[in-house]
Amino acid sequence: MNDWNDRPDPFDDGYDSAHDPASDWADAPADPVADEGQWVDYREPMSGRKRLVIVLASILALVVFAAGATYVWVQRQIDPPGAAGEVVEVEIVSGSTTEDIGRVLHDNDVIASASVWNYWTRLNDKGPFQAGLYEFQRNSSFDEAVAVLEGGPRPPETDSLTIPEGLTIPEIVARLSDPELGIERWDAAVLTEALASGEIRSRYQPADQPSMEGMLFPDTYQVADDADERTFLRRLVTELDNTLFGLDVETVAPQFGLTPYEIVVVASLIEEEARVPEERPMIARVIYNRLEQGIPLGIDATSRYEAEISGRSRDDFDFDSDSPYNTRRVAGLPPTPIAAAGRASIAAALAPAEGDWIYYVLADEAGNHVFTESFSEFNRAKAECKRKGLGCG
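Residues numbered from 1 in each chain as written. Predicted model: local features only at pLDDT ≥ 70, side-chain atom pairs only at ≥ 80, totals over all residues. Heavy atoms only, no water.

**Digging into the overall build of the protein**
- Counting secondary structure elements, the protein contains 15 helices and 6 strands.
- Taken across its 393 residues, the protein has 36% of its residues classed as buried.
- Within the protein, contacts between residues at least 6 apart in sequence are counted, and of these 63% link residues at least 24 apart.
- Carbon and sulfur atoms make up 51% of the accessible area of the protein, which amounts to about 23400 Å² in all. (Helix = DSSP H or I, 4+ residues; strand = E, 2+ residues; numbered from the N terminus. Buried < 20%, exposed > 50% of the residue type's maximum accessible area, 1.4 Å probe, protein only. Contact = heavy atoms within 4.5 Å. Areas by Shrake-Rupley, 256 points an atom, 1.4 Å probe, with all protein chains shown as cover.)

See below:
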């Protein structure tokens, strides 16, 4: 029966004996890797967290790099490489702020950056600094520049001049304008005009007293290159005022019944009469004793001054004159000082020695005097002075 034959063979495994499986392998490529199109490279997708970490790490690396580069740059501005350069003179004008100074230093190639200087000086609390002339080196570090500024400005160029004690106004003017003894650029006419202008006065000078005689303090001075005549004359008057104030003239002068100005007059007499420093207080006492007793002072130096201001020779005394400077005839103090008194003479006028003397006579060529209250002793001393040829007239 055909039905049996049509049943499937229970032992049939589906294998086609006519098909050779080796043929399938024969069609495959010899090297699977060689034909990439035949393979798929599978990677697990990156998580969002991992991607964020990578981005942040990259940004951090850039920030660190930028910060490092900035730090190096800033340090090179604060302390530039290489040796310091040539010396340059820089003027810091009055009123300059630390920021202003930074710009000036940068403009003169002293420092590398004015902007970094501003932050650095604030951070390190540097400044303020004095105005004046400084000497810096180009290509300096901030520390080096600050060290120069903290050292203070260079002292201005100065000339030194000395005004000796005992000079009169004409003599002082001549000395100040002398090319060798004074200041070559100063003019005698300018000095004289300034003294006569009334613009320069002592605080102790009477309002009705125009003469500046005795108001210019004698001393040694350093004069800056830019100082002019009027500025220096004011300085001399200020020095006198400071000296009088320091010696407490306003308190002491009334004890002698005098004004501070009259103390200067007395000091000028002492200056002209004393040759030995120790005798200054003794001469002061003779002057005060004579003033108290109403006796004319009899100081020939006042007549010498009268001769000078009258246009005569200083040795052309006029003892018959009614001039208030003729202290042989006119009692009391002369109306003005007769010369520039130094500190020692002013101090002697404010602190006279104790004694009853009303006479003094030159005793020797060294300038020592004989002091006495006896008229007979005075005459003997005067005769001896004449005998020695010391100039007692």
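After that view, the rundown keeps rolling.
**Let's talk about the packing of aromatic side chains**
- Summed over all chains, the structure comprises 14 aromatic pairs.
- When the centroid spacing of 5.7 Å and the interplanar angle of 35 degrees are considered together, the rings of Tyr-360 and Phe-371 count as tilted. On the criterion of sequence distance, the pair formed by Tyr-360 in strand 5 (residues 359-362) and Phe-371 in strand 6 (residues 369-372) is long-range, its members being 11 residues apart.
- Joined through ring pairs, the aromatic side chains of Trp-117, Trp-120 and Phe-142 make up one cluster. (Phe/Tyr/Trp six-rings, centres within 6.5 Å; stacked < 30°, edge-to-face > 60°.)

**Some words on helix 9 (residues 229-246)**
- Relative to the 26 Å expected for 18 residues at 1.5 Å per residue, helix 9 spans 26 Å between its end C-alpha atoms, a close match to the ideal helical length.
- The set of residues buried in helix 9 consists of Glu-229, Phe-232, Leu-233, Leu-236, Val-237, Leu-240, Asp-241, Thr-243 and Leu-244.
- One or two residues past the end of helix 9 sits Asp-248, with phi positive at roughly 60 degrees. (Expected span 1.5 Å × (residues − 1).)

**Considerations on the pattern of salt bridges**
- Evaluated as defined, the whole model comprises 19 salt bridges.
- Residue Glu-99 pairs with Arg-122 through a salt bridge whose shortest N-O separation is 3.8 Å. In this pair, Glu-99 sits in helix 4 (residues 98-107) while Arg-122 sits in helix 5 (residues 114-123), placing the two residues 23 residues apart along the sequence.
- Between Glu-250 and Arg-203 there is a salt bridge, with the nearest N and O atoms lying 3.1 Å from each other. On the criterion of sequence distance, the pair formed by Glu-250 in helix 10 (residues 249-252) and Arg-203 in the loop between helix 8 (188-196) and strand 4 (220-224) is long-range, its members being 47 residues apart.
- Residue Glu-250 is classed as partly exposed on the basis of its relative accessible area of 43%.
- In this structure, a network of salt bridges that share partners links the residues Glu-99, Asp-100, Arg-103 and Arg-122. (Salt bridge = Lys/Arg side-chain N within 4 Å of Asp/Glu carboxyl O.)

**Some details on helix 12 (residues 280-293)**
- Look at helix 12: 20 Å from first C-alpha to last across 14 residues, which is about the 20 Å you get at 1.5 Å a residue.
- When helix 12 is considered as a whole, its buried residues turn out to be Arg-280, Ile-283, Ala-284, Arg-285, Val-286, Ile-287, Tyr-288, Asn-289 and Arg-290.
- If you follow the buried residues of helix 12, they end up packed against helix 11 (260-273), helix 14 (343-350), strand 5 and strand 6.
- Positive phi shows up at Gly-294, right after helix 12, with a value of about 70 degrees.

**Regarding the side chain of Thr-372**
- Position of Thr-372 among the secondary structure elements: in strand 6.
- For Thr-372, the residues in contact, after removing those within four places along its chain, are Trp-357, Ile-358, Tyr-359, Glu-377 and Phe-378.

**A word on the nonpolar core**
- Ile-163, Leu-176, Leu-216, Phe-232, Leu-233, Ile-270 and Ile-346 are the most contacted members of the largest nonpolar core, which has 62 residues in total.
- By residue number, the principal contributor to this core is helix 11, which donates 8 residues.
- With residues near it in sequence (within four places) discarded, Phe-232 still touches Leu-161, Ile-163, Leu-176, Trp-186, Tyr-221 and Val-223.
- Counting 18 residues, the second largest nonpolar core, distinct from the first, contains Leu-105, Ile-111, Trp-120 and Ala-145. (Core = buried A, V, L, I, M, F, W, Y, C linked by side-chain atoms within 4.5 Å.)

**Re the packing of helix 8 against helix 9**
- Orientation of helix 8 relative to helix 9, taken along the N-to-C sense of each, is 50 degrees, at an axis distance of 9 Å. Taken together, helix 8 and helix 9 sit at an angle that is classed as oblique. Read as a crossing pair, helix 8 and helix 9 show a hand that is right-handed. Facing helix 8, whose interface residues are Val-190, Leu-191, Glu-193, Ala-194 and Leu-195, helix 9 presents Glu-229, Arg-230 and Leu-233.
- Considered class by class, the residues forming the contact of helix 8 with helix 9 number 5 nonpolar, no polar and 3 charged. (Axes fitted to C-alpha atoms, helices over the stretch in contact; angles between N-to-C directions. Parallel < 35°, antiparallel > 145°, perpendicular 65-115°, else oblique. Left-handed = near helix turned anticlockwise from the far one by under 90°. Nonpolar A, V, L, I, M, F, W, Y, C, P; charged D, E, K, R; others polar.)

**Considerations on unusual backbone geometry**
- Residue Gly-127 is joined to Pro-128 through a cis peptide bond whose omega torsion reads 0 degrees.
- For Pro-128, the location among the structural elements is in the loop between helix 5 and strand 2 (132-137).
- Of note in this structure, Asp-109 is not a glycine but carries a positive phi near 60 degrees.
- With respect to the helices, strands and loops of the structure, Asp-109 is situated in the loop between helix 4 and helix 5.

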